[in-house]
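Structural overview for review
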Amino acid sequence: MTTLKAKLQEDLTTAIRARDELHSSTLRLTLSAITNAEVAGKEARVLSDEEVLKVIAKEAKKRREAAEAFAQGGRPEQAARETAEGEFLDTYLPKQLTDEELTAIVTQAVEEARAAGAEGPRAMGAVMKIVNPKVAGLADGGRVAAVVKQQLA
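Criteria and cut-off values
- Throughout this description, residue numbers start from 1 for each chain and increase along the sequence as written.
- Only residues with pLDDT of 70 or above have their local features reported here, since the model is predicted, and side-chain atom pairs are shown and tallied only from 80 upward, although totals for entire chains, interfaces and linings are computed over all residues.
- The basis for every side-chain value is the complete set of non-hydrogen atoms in the structure, without hydrogens or water.
- Of the two site types, the cavity is a set of points on a 1 Å grid over the protein atoms alone where a 1.4 Å probe fits but cannot get out, and the pocket is an open set with protein on both sides within 12 Å along at least five of seven lines, each lined by residues with an atom within 4 Å of a point.
- Grid points are joined across faces, edges and corners, and a volume is the space filled by probe spheres set on the points.
- The helix and strand labels rest on DSSP assignments: H or I over at least four residues marks a helix, E over at least two residues marks a strand, and numbering proceeds from the N terminus.
- Lines are fitted to the C-alpha atoms to define the axes, a helix being fitted only along its stretch in contact, and any angle between axes, read from their N-to-C directions, falls within 0 to 180 degrees.
- Any angle from 65 to 115 degrees is called roughly perpendicular, while one under 35 is roughly parallel, one over 145 is roughly antiparallel, and all others are oblique.
- Residues are treated as being in contact if the distance between any of their heavy atoms lies within 4.5 Å.
- Think of it as three bins: nonpolar holds Ala, Val, Leu, Ile, Met, Phe, Trp, Tyr, Cys and Pro, charged holds Asp, Glu, Lys and Arg, and polar takes everything else, Gly as well.
- Note on terminology: a nonpolar core comprises buried Ala, Val, Leu, Ile, Met, Phe, Trp, Tyr and Cys residues joined through side-chain atoms within 4.5 Å.
- Exposure categories follow from relative accessible area, calculated using a 1.4 Å probe and restricted to protein chains: below 20% of the type maximum is buried, above 50% is exposed, and the middle band is partly exposed.
- Expected helix span is computed as 1.5 Å times (number of residues minus one).
- Note that the arc is computed from the directions linking the helix axis to the C-beta atoms.

**Notes on the layout of surface pockets**
Any empty space left between atoms is shown by rolling a water-sized probe over those atoms. Size it by volume and the largest pocket reaches roughly 600 Å³. Lining the largest pocket are 21 residues, and of these Ala 57, Gly 137, Leu 138, Ala 139 and Asp 140 sit closest to its centre. Residue assignment for the lining of the largest pocket shows that the elements contributing at least two residues are helix 3 (49–72), helix 6 (124–135) and helix 7 (141–152). The element contributing the most residues to the lining of the largest pocket is helix 3, with seven residues.

Shown next, in the form of structure tokens:
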């Protein structure tokens, strides 16, 4: 079984051979971010596939935020490129939860938190503690927090 990092490197080689500038530059930046994460801290280590997925998700989020900023700044061509890079990185991530699936998970977590005595908006931390392990990598944290706030209100 090949690791996710090895797959990214293979895809980079394929993109370079195909002279696909968008994909090759996106993969180069992502692999650089992975390498930076590997050497961060006191000693270098090899990231697990789960940790590599977190780096890819972070890079995809950066692209979405940059696309938004470029669109607001009146640079549609740069916004389109950032959006394309983000969508390309999304192909390496697990399928995101639908709104209905996320709401069902949050509803269950709110019930668990209430059973444990947490009530109202102050229960946000307790609910997030229950929800986060269940939706890790499957939903953006901001999206999760918004649904939790809505259900606790």
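**Re the packing of helix 1 (residues 4–17) against helix 3**
Their axes nearest at 8 Å, the elements helix 1 and helix 3 cross at an angle of 50°. As the angle between them shows, helix 1 and helix 3 are arranged oblique. Facing Leu 4, Lys 5 and Leu 8 of helix 1, the residues of helix 3 in contact are Asp 49, Val 52, Leu 53 and Ile 56. Tallied by class, residues from the contact of helix 1 with helix 3 come to five nonpolar, no polar and two charged.

**Thoughts on the nonpolar core**
One broad trend across soluble globular proteins is that nonpolar side chains are buried collectively. In terms of nonpolar packing, the biggest core is built from 19 residues, with Leu 102, Val 127, Val 131, Val 135, Val 144 and Val 148 touching the most fellow members. Among the secondary structure elements, those contributing two or more residues to this core are helix 5 (99–115), helix 6 and helix 7. Here this core gets six residues from one element, more than from any other, and that element is helix 5. What Val 135 contacts, discounting residues up to four positions off in sequence, is Leu 97, Leu 102, Ile 105 and Val 144. Grouped together as the second largest cluster of nonpolar side chains are 16 residues, Val 52, Phe 88, Leu 89 and Leu 93 included.

**What about helix 5?**
For helix 5, which comprises 17 residues, the first-to-last C-alpha distance of 24 Å matches the rise-based estimate of 24 Å (1.5 Å per residue) to within 8%. When helix 5 is considered as a whole, its buried residues turn out to be Leu 102, Ile 105, Val 106, Ala 109, Val 110 and Ala 113. Buried residues in helix 5, looked at end-on, bunch into an arc of 140°, giving them a common side. In helix 5, the exposed residues that point more than 90 degrees away from the buried face are Glu 100, Glu 111 and Ala 115. Looking at the buried positions of helix 5, the neighbouring elements they touch are helix 6 and helix 7. Looking one or two residues beyond helix 5, the residue adopting positive phi is Gly 117, at roughly 105°.

**Some remarks on the side chain of Glu 38**
Considering the arrangement of structural elements, one finds Glu 38 in helix 2 (residues 21–39). Non-local contacts of Glu 38, meaning those with residues more than four positions away in its chain, are made with Lys 5, Glu 43, Ala 44, Arg 45, Val 46 and Leu 47.

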